[in-house]
Structure formats: C-alpha cells, structure tokens
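Observations on chain architecture
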Amino acid sequence: MNNAVNNPVWSGTWVAERLGLELVGDDKLTDLLGLALRRNPKRAHLLVSNVLGKHVPQSPSVVYGYGFALGRRVRELLGTEEAASAVVLGYAETATGLGHSVADGVGLAPYLHSTRRPVAGVAAAGGFEESHSHATSHLLLPEDPALLVGDGPLVLVDDEFSTGNTVLNTIRDLHERYPRRRYVVVALVDMRSAADLGRLEDFAREIGAEVDLVAAASGTVRLPAGVLEKGQELVARYESAAGEWGLVAPRGGAAYRHSPAPLKNGAGDADFSSTPSGARGTARPATTDPHPAVGRISRVELCWPRGLPDGGRHGFTPQHRIRLERALPAMAARLAEALPEDAHRVHILGFEELMYAPLRLARELEQVVDAEVRYSTTTRSPVLAVDDPGYAIRSRIAFPAHDDPADGPGERYAYNVAGAGFDAVVAVVDSAADTPELHAPDGLLAQLAAHAPQVLLAVVPSYVPEPLYVPERPAMLPEPLRGPAFSSYPPEEVGWLLQDLSDVTLEAPTEEREEAIQSGGAHYAESLPVEYQPSEQYQELFHAALEESAARLALAVGAVTEIVLAERSPRPVLVSLARAGTPVGVLMRRWAQFRHGLDLPHYAVSIVRGRGIDANALRWLAAHHDPSDVVFVDGWTGKGAITRELADAIKEFEASDGISGFDPEIAVLADPGSCVRTYGTREDFLIPSACLNSTVSGLISRTVLRTDLVGPHDFHGAKFYRELAGTDVSVDFLDAVAARFPEVADAVTAQVKELLSGDREPTWEGWAAVERISEEYGIHDVNLVKPGVGETTRVLLRRVPWKILARQGAGADLDHVRLLAEQRGVPVEEVTELPYTCVGLIHPRFTRGATGADGKAVAV
C-alpha cells in the first residue's frame, strides 16, 4: 500500500485485516481512501475520504482543489458552449461542498444540492432515496423552480460512485419531470463492482439520454462472504469494550493528520500521500473524556453579505459566487484577527450540509495566516472510532443535534478533531443551528472546548427564500419596443422599455423650454427640444472624429465590458439609460459576443433627474430577469447627478415594491467625474455619439415623463423620428467601433488587468469642480454647469449656452464644440486647471431675453 514515510500504515489496514476486505484499483486509491466501520444494517464498512473534508481534517486548498479540478474536467468534456448551460446538483450531506466546488470549476453553472432539512414555504421540486445511507430521504428545494428546467447538461456530484443506485434514482425522478439530453456523473472515486459497470450504459439507453462519468480515481472493494455480520460483531465488541460508544478520544490521544501533495498545476488528477502521526500503541476504542470543557469559547462576527445564500440548498448562482468572492477576504480577516496570536494549528469545522461556506472561509484563511489550517465538518453518520494508525477514524466527539431536525433529536459527530492538537477550532454553523443545544454543557461547543484552548463560533445567516413577488395588480406591462417598428437598431440589439409617443407633438423652442425649466414652470422631461439638424460641415466633423477615435472607443468598450463580466455577473443583463447609454450598451453587447460568444440581453430604460428611474421598467425587469444580474449602463459621467439619482431611486423602489437585488452602480464608457467604479477610462475625450442627438441613437428622442401622457402603470415615453432616416448614422457608428475590436483585443486585456489591480474608488472630483465653477462664475446652481465633452455638447445642442470653458491645449476632441459654439455665438474661454476637457455653462438668466432674435447668446 502506498503511504507516507512518517507512517507506512494505510488507514484502511485495520478494517481490511479484520474483515478480509481488499481495496483494488488505481495506485492512488489508498491515498484518497481509508476504511472504518459503522453501525449500519445495510453496509458494514465505510470508505473514508482523505480529500473530502468530512471525516478527516484536511488542508482546505486540497479539498477545494479536488472539486474544482473535477469541475474543470467536466468543462473539458462538455465543451465551453455546453458547459455554459449546465446545472450542477450535489448530494446531501457529504457532497454538498464537493458539488459546489465542481460547479465553480465548470464555470458559469448554477448549483443546487439536495437537503434533508424541509424549509417552510419552499415547495419541493423533486426528491429521491439513497438506499445505503443512514438517512435516506433527499429533497430538492430550489428557490427558482426553473433551475431544473432546461435542455443543458445536468451534472450530478457525489463523493463515491458505487452501485449507482442513488444517481439512477435521481436521474429517473428528474428525467420524468425535466427531461434532458445529457447527464454527467462526477465522483471522487468510482467504486463500482464488475457487475455494476454496465448499468450506467444500459440506463442511458433506457431513458434515451447520454450519461457520462468523471472520477478522480477508480477501483472496487472485494468483500468476502459474511462481511456484514462480521463487521456488526466487530462493532458490537468494540462498543462493549468502551462501555458505550465513546464520545471522544482520550485527552492527548492520537493526532491524525493527512498531508496529501498539492494538485498538479491546479487541475486534473493529483498524487497524494497520507501522513498519520502520533500515538501508535495497541488499538483501543475511543472513550468518554472525563474532563470538563476548559477552552475559551467566544463568537466572531463574519458580517456575511446580506441576502447571500449560505450554500446551495435553494440554489447558488454565478452572481452569488461573485458576491461571495468579494466578501471572503474581509471575512477571513475577521477570523484571523480573532485567533490567538500563538495559534499554530487551526481547525475550521463546518456543519453537516453547510460545507461550502466554511470550506471557502478556511481556504481564504489559509492564505493569510502563518498557522496550519485544516478543515472538516460535523456529520449525522455514526462511525466506530478506534485509536489505531491503520484506522481512518481515530477519535470521535458526539453531541446532541442542535438544529431542531425534522426527523427528531439525535446524536451528531465530529471525527478526528479530538486529540489532534489544534490550538483553535472555529465552528461554522448556520443561524438555524445556533440554538441553546449548541451552547449546552454537553453541546458541540463545550465538547470542542475540552480539546482546544480557543473555540470560536462563526454563524452564517440561514438563507430562506422570500416568497416570489406577486404584484397587487395583474402584470399588464407590454413587451419591449424593438426596431424596425421603434428605432433604427436591429431588434436583437436592444429592447426599449418605453411607450411610443411618436404621434404626440412634444417639441418646443429651446429658449421657451429653458425659461420654463429655470423658472420652475415645467420639468425638462415634459417636453423635447427641436432636433438639431447638423450642417454638412458638422457631419463631416462627426465622421472625422469617429475615424479618429473609433479605436480608443473600442478599447474603452472592451475594458468596461470585461470588468462587468469579471466583477458584476458572468451573464449580465445590460440596461442602458436612454438615450446616451444605449449606443454604449449595444457596443458592450457586441463586445461580449465578439470576445466570449455571449448573447447578452439588452434593454433601454428612462431615468429622469429629480423624478428617478422608471419604476415600471424595473418591475418588468424583475419579472423577467434576476435583478442581481442587471447592470445599468450609461455613456459617461459628468458631475455624477445621474449616479446619485439612480442610487436614490433604487433605494426608494426597494422600499415601495419590496423587490431587492438591483445594483445602482452604473457602468460607463468614460468616468471623467470619478463617480463610479466600473468604467472603461477616466479620460474626458470625445465620444462621437455625443456629437449628435437621435441620429446616432437609433432615431429615438430623449425620454418624456408627463402625467397626461404617462400613467402610473405606463412606461415613460419617447418618440421615434422616422423622418430623419436619411441622416441616420446610428448603425454606422456601431459598426465603425466594432470593426476595431480585433485590433484592440490585446490592449483591452492589459488595460483590464491594470484597472482591476488599481484603485477605482470614486473621488467625486468632478462634483467638487462643478461646485467651484458654479461659485466662481456667479451661477450658484450646479444644474447649470455641465462638465465634460458629452455634457458640453448637449448644452450646445439642447439648452441655452452662456459660455464654454475649455482646458488649455485641448485639441481635436473639441473641434465640434468650437464649431457649435461659433454657430450659436457662444464664447469659448480657455482655462488652465480644469479636470475636464471642457465645461458647458447654461445661461443663468432664464428669460427669453437671454438670447437675441437670431437665437445667439447675449452677454450678461
């Protein structure tokens, strides 16, 4: 048998010799498995995994690495496209963490594990029996019933694959309800007997689906005749010798440590070696510890992210994974701070089905502390503990169940923790298990305190799905408007969550609108400016600017899209703020398609300063998508007014509708105002789509919100200027930028790496500059100061401009601004220290006398 130098004894030797068992198969099989005996009328022996993190304390990196590597193998088997539609299902209780790690390795797969804990208000989507287990009934309780619906592969994960009964029961049950074309079975070890080897293929033919198997190692257990009876007799004899099933190993008993080698290159199969150490005397059953608890017990607050599931009991999406990844460093830091300074060996102890959260915490802690970190979890499974180097379960702690289980009270166990010499043990439980029984004199914490000088309790909030949102009235919102009926964009590029007001006259002269807006007589969103018709000279300038800046735009588009995919969601729902954000949203969608083959949904919604975002549009989005996947997109930031408007509007919407999950952080192409974290660049440069109005935005007007046109259950409105089709350059603009994607691909990779590693926290530098300019120029109203190239262009096209401030030395980025300013008689003043390339000042005198008869500005 293959074993480490420090202890040449395989941890299955004791059982193998006494029962005549033989473990045959891959050379590394004995590195992965040991043997123990259990009190079970159906199977005497127990295969004890050294890399599962259940019965044997193990390095969390090894435990996670094995699952992740199996997930990578599944991804290779399926191919990228098919893997992107896969769903992963793990088995309670043993494989909940393994299955979750496999899902991480697959990549974008949502994860669900079976459970033995019924949850009030959550309907079962399925269930099955595990014939050989001590607790057989499994429930499937997904929060989203659609999780199990689909034609993509279903990946089923268990720690071992022996008879195949459990997997076949599961597939048979689910295939009747939610048939699929392909299933993949994943296990750490494939332990089928020769008689069982053909069952999987026969079953696949029976249901008419493809069924594959992926395992880290394979072999089988040869069982002599009468092994069950012999095992039961052996268990009874050792129980009797102990007087009762021992609660723990004697204080100072065997320290059992497994130290397999690291995974090769982080993926694939690995070579392992077991290293038991400690007492090697005559084998003895574990005995009750006569000593009371002596260790100090304290609580550590993790600050688990609000609303983040504690695991896969009700489903765990790729978006949940992103949220967890972001939060892990801070949670691990809190654990590290709570540990004793002189702790050399630390154990993270999970709780039954709660395996993944403590595993990830342990793995993160392993990276930041000098101490040796080990991980395992408590279990329902009763196993005989024998203090012998050739036996896999050296010690046992028994304690009362502390989560009010549905099947009634009973004993629970933690193996190989007692006597292992841990300086600190961190018990990680969910809040449903943080009960008086946990803290009782015979409870888990007190038992642990008998074997470690420091016991920490970390509680993860038990995730209980909220009832699905049911609106007070039937959902009557229409489907999104799409081209060519509404907008000149192809229908797949964007869906407009707007109502069509094309037949309503909404335009008013610029000066009349300005007077009404500044006097408080009307809101800017109640009317529309007359659409600017560019001169031939101006159109030439636009095309020159587009040619000059297309590559720079493509770079910014690629960068912001990659950051969204890395940090916000692997499958984001792009929601652009109409209308300036819409071309950017289309380009981001095109980049995701070009670089990753993703077909992202994209919608445009209305947001109005002072009135908030269209709440009906949010309701429609929440009914059709996961709000946590929604990423709001805009063209650029100025002083950050819309950034703040959106944050306030989302908060108000959550309070009024009870729908949470929308992230108000806007993703923008350019963030010269330093108002957001998600951007392609912070340079204030010419974005050619800012040069024009509807003719570069799908021929759509800016949005309209007027009570006589937009009712409480309507989308905000907008117009489709079909009559301007002859001058429309919307698709030309998109095609010109997208054509540069291949040439900037490498530069995008470099820029994203730099952005992700840098400090992107907003400084709100732009807001401070606007306040300063407002006072210096005697305007005293920040709403009349429009910073940045894009906002300055809007001032010249839609409002009554007073002055343009241009940064000294600004070049071609301002050619169109200078031309527009000349046409409207607006002075351009060069300024030295300006954080923007330019700033547009709206005329602070709000009567029509602010302009002359020719519409040009009049000096104040």
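As the structure is a computational prediction, the values presented were derived from the model and not from experiment. (Residues numbered from 1 in each chain as written. Predicted model: local features only at pLDDT ≥ 70, side-chain atom pairs only at ≥ 80, totals over all residues. Heavy atoms only, no water.)

**Regarding the overall build of the protein chain**
- A count of helical and extended segments in the protein chain gives 22 helices and 33 strands.
- Residues classed as buried in the protein chain amount to 60% of the 860 residues present.
- Restricting the contact set of the protein chain to residue pairs at least 6 apart, pairs at least 24 apart contribute 77%.
- Split by element, the accessible area of the protein chain, about 32500 Å² in all, is 51% carbon and sulfur. (Helix = DSSP H or I, 4+ residues; strand = E, 2+ residues; numbered from the N terminus. Buried < 20%, exposed > 50% of the residue type's maximum accessible area, 1.4 Å probe, protein only. Contact = heavy atoms within 4.5 Å. Areas by Shrake-Rupley, 256 points an atom, 1.4 Å probe, with all protein chains shown as cover.)

**Digging into the sheet that holds strand E31 (residues 801-807)**
- With mixed pairing, the four strands of this open sheet are ordered in space as E30-E33-E31-E32. Only two strands of the sheet have a single partner each, and these edge strands are strand E30 (785-787) and strand E32 (828-831). Along the sheet, successive strands turn relative to each other by an average axial angle of 20°, direction set aside.
- Judged from the three bridges that link them, E30 and strand E33 (residues 838-842) form a sheet pairing that is antiparallel. Bridging from a neighbouring strand, Lys-786 pairs with Gly-840 of E33.
- Contacting E30, E31 and E33, helix H20 (residues 765-776) runs over the sheet at an angle of about 140° to E30. (Pairing = 2+ DSSP bridges. Axes fitted to C-alpha atoms, helices over the stretch in contact; angles between N-to-C directions.)

**Section: the packing of helix H5 (residues 96-106) against helix H10 (residues 356-368)**
- Orientation of H5 relative to H10, taken along the N-to-C sense of each, is 65°, at an axis distance of 8 Å. Note on element contacts: H10 touches H5 through Tyr-356, Leu-359 and Arg-360, opposite Gly-97, His-100, Ser-101 and Asp-104.
- The residue inventory of the contact of H5 with H10, partitioned by class, reads two nonpolar, three polar and two charged. (Nonpolar A, V, L, I, M, F, W, Y, C, P; charged D, E, K, R; others polar.)

**Here's the deal with the pattern of salt bridges**
- As enumerated under the stated definition, the model contains 43 salt bridges in all.
- In this structure, the salt-bridge partner of Arg-590 is Glu-493, at a minimum N-O distance of 2.7 Å. Pair noted here: Arg-590 is in helix H15 (residues 581-596) and Glu-493 is in the loop between strand E17 (454-460) and strand E18 (495-496), with a separation of 97 residues, a long-range link. Each member of the pair, Arg-590 as well as Glu-493, carries the same accessibility label: buried.
- A salt bridge links Arg-589 to Asp-599; its shortest N-O distance comes to 2.4 Å. Of this pair, Arg-589 sits in helix H15 while Asp-599 sits in the loop between H15 and strand E23 (602-605), placing them 10 residues apart in sequence.
- One connected set of salt bridges, linked through shared partners, spans Glu-493, Arg-589, Arg-590, Asp-599 and Asp-735. (Salt bridge = Lys/Arg side-chain N within 4 Å of Asp/Glu carboxyl O.)

**Observations concerning helix H17 (residues 641-657)**
- The terminal C-alpha atoms of H17 lie 24 Å apart, and with 17 residues this matches the ideal 24 Å at 1.5 Å per residue to within 8%.
- Looking at the buried positions of H17, the neighbouring elements they touch are strand E24 (607-608), strand E25 (612-613), helix H16 (615-624), strand E26 (630-636), strand E27 (666-670) and H20.
- Directly beyond the C-terminal end of H17, a positive phi value near 70° is found at Gly-658. (Expected span 1.5 Å × (residues − 1).)

**Concerning the packing of aromatic side chains**
- The tally for this structure, following the rule as stated, stands at 14 aromatic pairs.
- Between Trp-591 and Phe-741, the aromatic rings sit 4.9 Å apart at their centres with planes inclined by 80°, giving edge-to-face as the arrangement. Taken as a pair, Trp-591 in helix H15 and Phe-741 in helix H19 (residues 741-757) lie far apart in primary sequence, 150 residues in all. Comparing Trp-591 with Phe-741, the two get one shared label, buried.
- Lying over the aromatic face of Trp-764, Arg-644 brings its terminal NZ or CZ to 4.3 Å of the ring centre.
- Taking NZ or CZ as reference, Lys-803 lies 4.6 Å from the ring centre of Trp-802, over its face. (Phe/Tyr/Trp six-rings, centres within 6.5 Å; stacked < 30°, edge-to-face > 60°. Lys NZ or Arg CZ within 6 Å of the ring centre and 35° of its normal.)

**A word on the packing of helix H3 (residues 60-78) against H10**
- Where H3 contacts H10, the axes come no closer than 8 Å and their chain directions differ by 125°. Relative to H10, the element H3 lies oblique. The crossing of H3 and H10 is left-handed. Two secondary-structure elements touch here, H3 through Pro-60, Ser-61, Val-63 and Tyr-64 and H10 through Tyr-356, Leu-359, Arg-360, Ala-362, Arg-363, Glu-366 and Gln-367.
- Looking at the contact of H3 with H10 residue by residue, the classes come out as six nonpolar, two polar and three charged. (Parallel < 35°, antiparallel > 145°, perpendicular 65-115°, else oblique. Left-handed = near helix turned anticlockwise from the far one by under 90°.)

**Topic: the sheet that holds E23**
- The strand order across the open sheet built from six strands is E18-E23-E22-E26-E27-E28, with neighbouring strands paired in parallel fashion. Looking at which strands have only one partner, the edges of the open sheet turn out to be E18 and strand E28 (678-681).
- Where E26 meets E27, four bridges bridge the pair, whose relative direction is parallel. Bridge assignment links Val-633 to a residue of E27, and that residue is Ala-667.
- The strands touched by H16 within the sheet are strand E22 (573-577), E23 and E26, with E23 carrying the most contacts at an inclination of about 160°.

**Side note on the pairing of strand E13 (residues 372-378)**
- Counting buried residues along E13, six of its seven residues qualify, which places the element largely inside the surrounding structure.
- When strand E12 (residues 345-351) meets E13, the two strands line up parallel, connected through seven bridges. By the bridge assignment for E13, Phe-351 is matched with Thr-378.

**Topic: the nonpolar core**
- Judged by nonpolar contacts, the single largest core of 141 residues is most densely connected at Leu-37, Val-88, Val-155, Val-186, Tyr-391 and Leu-448.
- Of the residues forming this core, the biggest block, eight residues, is contributed by H3.
- Residues within four places of Val-88 in sequence aside, it is in contact with Gly-99, Val-102, Ala-103, Val-106, Ala-109, Pro-110, Tyr-111, Leu-112, Val-155 and Val-157.
- Counting residues in each nonpolar core, the second largest holds 101 residues, with Leu-574, Ile-613, Leu-692 and Val-744 among its members. (Core = buried A, V, L, I, M, F, W, Y, C linked by side-chain atoms within 4.5 Å.)

**Description of the confidence of the model for the protein chain**
- With 85% of its residues at a pLDDT of 70 or more, the protein chain shows a mean pLDDT of 83.
- Note on residues 243-282: pLDDT under 50 across the span, and 132 contacts to partners over four residues away in sequence or across chains.
- Across residues 847-860, where pLDDT falls below 50, the model places 28 contacts with residues more than four positions away in sequence or in other chains. (pLDDT = per-residue confidence, 0-100.)

**Let's talk about the environment of Leu-724**
- As for its placement among the helices and strands, Leu-724 is situated in the loop between strand E29 (717-718) and helix H18 (730-738).
- With a relative accessible area of 11%, Leu-724 lands in the buried category.
- Along the backbone, Leu-724 and Leu-699 are 25 residues apart, and their C-alpha atoms lie at a distance of 7.1 Å.

**Observations regarding the pairing of E22**
- Where burial is concerned, most of E22 is hidden: five out of the five residues are buried.
- Neither face of E22 is left uncovered, since the one carrying Val-573, Val-575 and Leu-577 and the one carrying Leu-574 and Ser-576 both have all their residues buried.
- Where E22 meets E26, four bridges bridge the pair, whose relative direction is parallel. Note that in E26 the partner of Val-573 across the bridge is Val-630.
- Note: E22 against E23, four bridges, orientation parallel. Residue pairing for E23: Ser-576 is matched across the bridge by Ala-604.

**Describing unusual backbone geometry**
- Omega for the peptide link from Ala-92 to Glu-93 comes to -10°, which places this bond in the cis form.
- Along the polypeptide, Glu-93 turns up in the loop between strand E4 (87-90) and H5.
- Cis peptide bonds are those with omega within 30 degrees of zero, and the linkage from Gly-483 to Pro-484 qualifies with 0°.
- When you line up the elements, Pro-484 lands in the loop between E17 and E18.
- At Asp-404, a position not held by glycine, the phi torsion is positive, near 50°.
- Here Asp-404 shows up in the loop between strand E14 (396-400) and strand E15 (411-415).
- On the basis of relative accessibility, which here comes to 71%, the residue Asp-404 falls in the exposed class.
- In the Ramachandran plot, Ser-487 falls in the positive-phi region, its phi being about 95° despite a non-glycine side chain.
- Of the residues examined, Ser-487 reaches a relative accessible area of 1% and is grouped as buried.

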